[in-house]
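# A closer look at the structure
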Amino acid sequence: MTSAEQVKAAHRSAEEIGRTAAGPRPLPALGHQRAAADLSHVDTTLSNGLRVLAVRKASVPMVELRLWIPFAGEDRMHAATAEVLAETVLTGTARRDRVEIDAEVALIGGELSAGVDPERLYFGGTALSEGLPTLLEVLGDVLTGATYSDAEVARERERLIERIAVSRTQPRTIAREALQKHRYGDHPVTREVPQAEDVAEVTAEQVRALHTASVLPRGAVLVLVGDLDPQEVPAELERALGGWKSDRSAVVLPPLPVLTGGNVLLVPRAGAVQSQIRLSAQTVPRVDPRYPALQLANLAFGGYFSSRLVENIREDKGYTYGAHSGFEFTGDTAVVNVDADTANEVTAAAYLETRYELFRLGTVPPTAEEVESVRQYAMGSLVTGTSSQGGLAGQLMALASNGLGIEWLQSHPERLAAVTAEQVAEAAAEFFAPGRFTGVVVGDADLLAPKLAALGVSTSEKD
């Protein structure tokens with residue numbers, strides 16, 4: 001035997017290792033899933049109305065910061081002004097210019113960023129744990145003393161216009177905007193990407209006025225996760241953010257209208273070589289007792305790689321590189337979305353198979369084996385997703401913005417473990433019924449309209 005043959009004989013493939021003469025080796029059962037977060041924490045409200053959730057997770061000597069401020073507005077220029085504000089809020093204060101802010105945060109091994117969407121203004125930051133006082137002091141300075149100089153606003157406004165122009169050419173952006181308009185009409189939540197011409201009109205004076213009117217602590221949430229003492233955090237925040245106060249509350253997005261199903265709209269995009277299928281249905285929020293079963297039903301349908309939808313239109317038929325279903329939480333409401341991008345020639349077939357899988361989920365519910373598989377996936381993903389400081393901070397911010405806290409996260413594995421196959425079947429039948437779904441198909445109408453019309457897809461909002 002040659003040396004190469006010896007090496008080959010000594011190494012077996014994964015398939016060979018996974019099989020015996022009697023057949024495939026059975027997979028070992030997963031171990032007991034621990035609570036996603038069993039950590040020392042404080043959940044309190046400061047004197048200025050800011051809710052604070054501080055959690056000790058000393059895996060590395062760092063701290064993660066997330067700040068979420070309700071930041072809605074119904075004025076036509078609000079979205080554009082808010083985007084410019086988010087781009088320029090860190091460009092200088094009365095005490096620090098842009099370079100000094102960047103340098104001071106860099107010296108503590110950290111970073112600080114800002115962003116905005118129709119629901120909130122948000123800040124994200126990191127720092128070495130010993131640098132947390134500095135990070136909070138800089139943040140407090142920005143929240144109370146951002147200057148929005150004319151030069152900085154003009155510079156960032158031009159950059160923003162360029163990015164918007166690029167973004168509006170992207171199929172996913174076009175599909176998202178079409179879905180939002182179809183679902184919610186003129187509701188402020190639909191203004192995720194402002195118009196470039198509106199951004200061009202924004203002045204530094206308007207940005208400063210919006211900051212004064214809407215960057216408010218009452219109703220906002222601050223999450224800190226890392227190598228810290230939670231008991232000391234409230235007093236430290238009172239010192240650092242004591243000047244950030246107002247008698248008014250941050251501006252909350254108006255309630256969303258309830259989705260009604262049955263109307264899927266074809267949105268023309270002339271010359272497009274691909275189509276975007278976007279479906280959506282009303283569901284229940286995390287606090288609803290049915291949510292754990294609904295979460296497992298969603299995973300079985302399209303929420304992970306081994307789901308029914310992926311197996312059908314990706315693995316079996318090759319209609320798409322990726323299909324997915326998942327939840328979208330806004331305020332106190334929740335919807336489930338189904339997404340797939342396909343080539344024009346298979347768009348109608350992919351849409352038909354997606355509807356078929358929705359029908360099948362209700363009439364042929366997930367088996368006990370499927371339920372156990374998605375249960376283990378959900379519980380494992382929860383542990384994995386909260387294993388890092390950043391992952392835990394992100395999860396807690398998503399929960400805290402809906403009034404929940406670490407207790408919900410700690411107890412969720414127990415809720416998932418208690419779900420029965422019958423409850424998953426009930427959730428599937430109730431919330432994944434095809435008639436509950438509305439949505440859009442974005443693509444070349446000349447190519448798609450005849451086949452999609454036969455499947456009940458409208459070519460007009462009035463159809």
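In this text the structure is predicted, and so the values were computed from the model without any measurement.

Rules of the game
- Residues numbered from 1 in each chain as written.
- Predicted model: local features only at pLDDT ≥ 70, side-chain atom pairs only at ≥ 80, totals over all residues.
- Heavy atoms only, no water.
- Core = buried A, V, L, I, M, F, W, Y, C linked by side-chain atoms within 4.5 Å.
- Buried < 20%, exposed > 50% of the residue type's maximum accessible area, 1.4 Å probe, protein only.
- Helix = DSSP H or I, 4+ residues; strand = E, 2+ residues; numbered from the N terminus.
- Contact = heavy atoms within 4.5 Å.
- UniProt positions renumbered as here; feature names shortened; annotations may be inferred.
- Expected span 1.5 Å × (residues − 1).
- Phe/Tyr/Trp six-rings, centres within 6.5 Å; stacked < 30°, edge-to-face > 60°.
- Salt bridge = Lys/Arg side-chain N within 4 Å of Asp/Glu carboxyl O.
- Domains from an automatic or database assignment.
- Buried area = accessible area lost by both parts, 1.4 Å probe.
- Pairing = 2+ DSSP bridges.
- Axes fitted to C-alpha atoms, helices over the stretch in contact; angles between N-to-C directions.

### Some points on the nonpolar core
Counting 54 residues, the largest nonpolar core has Ile69 and Phe123 as the members making the most contacts within it. Sorting elements by how many residues they give to this core places helix H5 (residues 132–145) first, with seven residues. The contact partners of phenylalanine 123, leaving out residues within four places of it in the chain, are Leu65, Arg66, Leu67, Ile69, Val89, Leu90, Ser113, Ala114, Leu139, Val142 and Leu143. Formed by 45 residues, the second largest nonpolar core is a distinct cluster that contains Ile277, Val336, Leu358 and Ala445.

### Some details on the UniProt feature "domain: Peptidase M16 N-terminal" (unreviewed entry) in the chain
In the numbering used here, UniProt assigns the "domain: Peptidase M16 N-terminal" (unreviewed entry) feature to residues 74–193. Between the end C-alpha atoms of residues 74–193 there is a gap of 14 Å, over a span that is 55% helix and 12% strand.

### Looking at H5
Here H5 spans 19 Å end to end across 14 residues, near enough to the 20 Å set by a 1.5 Å rise per residue. Among the 14 residues of H5, 10 are classified as buried, and the element is accordingly described as predominantly covered.

### Comments concerning the packing of aromatic side chains
All told, the structure shown has seven aromatic pairs when counted by the stated rule. Here tyrosine 304 and tyrosine 377 contribute two aromatic rings whose centre-to-centre distance is 4.7 Å and whose plane-to-plane angle is 45°, an arrangement assigned as tilted. Taken together, the positions of tyrosine 304 in the loop between helix H11 (291–303) and helix H12 (308–316) and tyrosine 377 in helix H14 (residues 368–385) put the pair 73 residues apart, joining distant regions of the chain. In this structure tyrosine 304 comes out as buried when scored by relative accessible area, which is 14%. Owing to a relative accessible area of 37%, tyrosine 377 belongs among the partly exposed residues under this scheme. One aromatic cluster is present, built from ring pairs that chain together Tyr291, Phe327, Phe329 and Trp408.

### Structural notes on the pattern of salt bridges
If you walk through the whole model with that rule in mind, you get 32 salt bridges. Ionic pairing is found between arginine 120 and glutamate 119, a salt bridge with its closest N-O pair at 3.3 Å. With relative accessibility at 24%, the residue arginine 120 sits in the partly exposed group. As a salt-bridge pair, glutamate 328 and arginine 176 come within 2.7 Å of each other at their nearest N and O atoms. Of this pair, glutamate 328 sits in strand E11 (residues 323–330) while arginine 176 sits in helix H7 (residues 171–184), and the two are 152 residues apart along the sequence. Under the relative-accessibility criterion, glutamate 328 is labelled buried at 18%. Given the relative accessible area of 24%, arginine 176 is considered partly exposed. A single network of salt bridges, built from pairs that share partners, joins Arg95, Arg96, Glu104, Glu137 and Asp141.

### Brief notes about the domain arrangement of the chain
Annotation of the chain at the domain level lists domain 1 (41–242) and domain 2 (264–459). Centre-to-centre separation of domain 1 and domain 2, based on C-alpha positions: 30 Å. Between domain 1 and domain 2, the residue contacts involve 33 residues of the former and 33 residues of the latter. Regarding the contact of domain 1 and domain 2, the summed buried area is about 2,600 Å², with carbon and sulfur atoms giving 62% of it. The interface formed by domain 1 and domain 2 holds three salt bridges in total.

### Brief notes about the sheet that holds strand E7 (residues 120–128)
Taken together, six strands build an open sheet; the order of strands is E3-E4-E8-E5-E7-E6 and the sheet is mixed. Here the strands that pair on one side only, and so sit at the sheet edges, are strand E3 (41–45) and strand E6 (111–116). In this sheet, adjacent strand axes meet at a mean angle of 10° when their direction is disregarded. As judged from the six bridges shared by E6 and E7, these two strands associate in the antiparallel manner. Counterpart to glutamate 111 in the pairing with E7 is threonine 126.

### Thoughts on the sheet that holds E11
The strand order across the open sheet built from five strands is E9-E13-E10-E12-E11, with neighbouring strands paired in mixed fashion. The two strands at the open ends of the sheet, each matched to only one other strand, are strand E9 (264–268) and E11. This sheet shows a mean twist of 20° between the axes of neighbouring strands, independent of strand direction. Examined bridge by bridge, E9 and strand E13 (residues 438–443) share five bridges and lie parallel to one another. If you follow valine 267 over to E13, its bridge partner there is valine 442. Strand contacts of H12: E11 and strand E12 (333–343), with the helix running at about 135° to E11, the strand carrying the most contacts.

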